Amino acid sequence: MDCIDLFKRAAAALQTDARYLTLDSARKAMDADKKLQDQIGEFNLARMDLNNEIGKTERNEARVAELNEKVNTLYSAIIAHPGMVAYNEAKKEAEAMVNYIDAIINTAMNGGDPMTVEEPSSQCTGSCSTCGGCH
């Protein structure tokens, strides 16, 4: 079995990990939340209106301020929505897992022993090129 097949099996196993399952569940709940989806749609339209107004050669600064306030208010409401909070927390955990996997792969690609890689700290970007060391 070659390494690509092994990575495909590992990716399938990743989809059984609790962190992935939590993220997938949070994403589905967020997608099914009509109120949240309506807010996101309204936010996107308001952002487009703001960008259009800003792009005008003779823009109305009062309208820009009004639209900017609307965009910020909608964004704050969306970010504070319990479904979005749950999704962002789950996403953070899943991204930490992916960073760990990336550190393992980078260690192996640089000739190191992948079995010695420790889970990166929360500040880890997954890029060993900017790293001060995991150990």
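Structure first, text after, so check above.
Residues numbered from 1 in each chain as written. Predicted model: local features only at pLDDT ≥ 70, side-chain atom pairs only at ≥ 80, totals over all residues. Heavy atoms only, no water.

Chemist: Before we move on, could you go through the packing of helix α2 (residues 18-32) against helix α5 (residues 82-109) and cite the residues and values that matter?
Modeler: The geometry of α2 relative to α5 is characterised by a closest axis approach of 8 Å and an angle of 150 degrees between their N-to-C directions. As summarised for this structure, α2 and α5 are arranged roughly antiparallel, according to the angle between their axes. For α2 against α5, the interelement crossing comes out left-handed. Contact residues: Arg19, Tyr20, Thr22, Leu23, Ala26, Arg27 and Met30 in α2; Gly83, Met84, Ala86, Tyr87, Ala90, Lys91, Glu93, Ala94 and Met97 in α5. Taken together, the residues of the contact of α2 with α5 break down into 10 nonpolar, 2 polar and 4 charged. (Axes fitted to C-alpha atoms, helices over the stretch in contact; angles between N-to-C directions. Helix = DSSP H or I, 4+ residues; strand = E, 2+ residues; numbered from the N terminus. Parallel < 35°, antiparallel > 145°, perpendicular 65-115°, else oblique. Left-handed = near helix turned anticlockwise from the far one by under 90°. Contact = heavy atoms within 4.5 Å. Nonpolar A, V, L, I, M, F, W, Y, C, P; charged D, E, K, R; others polar.)

Chemist: Quick rundown of helix α4 (residues 61-80)? Include the residues and the values.
Modeler: In an α-helix, one turn spans 3.6 residues, which is why side chains three or four residues apart end up on the same side. Between its first and last C-alpha atoms α4 spans 28 Å; for 20 residues at 1.5 Å apiece the expected length is 28 Å, and the two agree. Those residues of α4 not exposed but buried are Val64, Leu67, Val71, Leu74 and Ile78. Buried residues in α4, looked at end-on, bunch into an arc of 100 degrees, giving them a common side. Away from the buried face of α4 by more than 90 degrees, exposed residues Ala62, Glu69 and Ala80 are located. Looking at where α4 begins, the residue whose side-chain oxygen comes 3.0 Å from the main-chain nitrogen of Ala62 is Asn60. (Expected span 1.5 Å × (residues − 1). Buried < 20%, exposed > 50% of the residue type's maximum accessible area, 1.4 Å probe, protein only. Arc of directions from axis to C-beta. Polar contact = N/O pair within 3.5 Å; in protein donor to acceptor, adjacent residues only side chain to side chain.)

Chemist: Tell me what's going on with the pattern of salt bridges, and back it up with residues and numbers.
Modeler: Under the definition given, this model contains 8 salt bridges. Note that Glu66 is salt-bridged to Arg63, the shortest N-O span being 2.9 Å. Of this pair, Glu66 and Arg63 both sit in helix α4, 3 residues apart, roughly one helical turn. Given the relative accessible area of 31%, Arg63 is considered partly exposed. (Salt bridge = Lys/Arg side-chain N within 4 Å of Asp/Glu carboxyl O.)

Chemist: Describe the packing of aromatic side chains, naming the residues involved and giving the relevant values.
Modeler: Counted under the stated rule, the structure contains 1 aromatic pair. Consider the rings of Phe43 and Tyr75, whose centres lie 6.1 Å apart with planes at 45 degrees: the pair is tilted. With Phe43 in helix α3 (residues 34-55) and Tyr75 in helix α4, this pair connects stretches of sequence that are 32 residues apart. (Phe/Tyr/Trp six-rings, centres within 6.5 Å; stacked < 30°, edge-to-face > 60°.)

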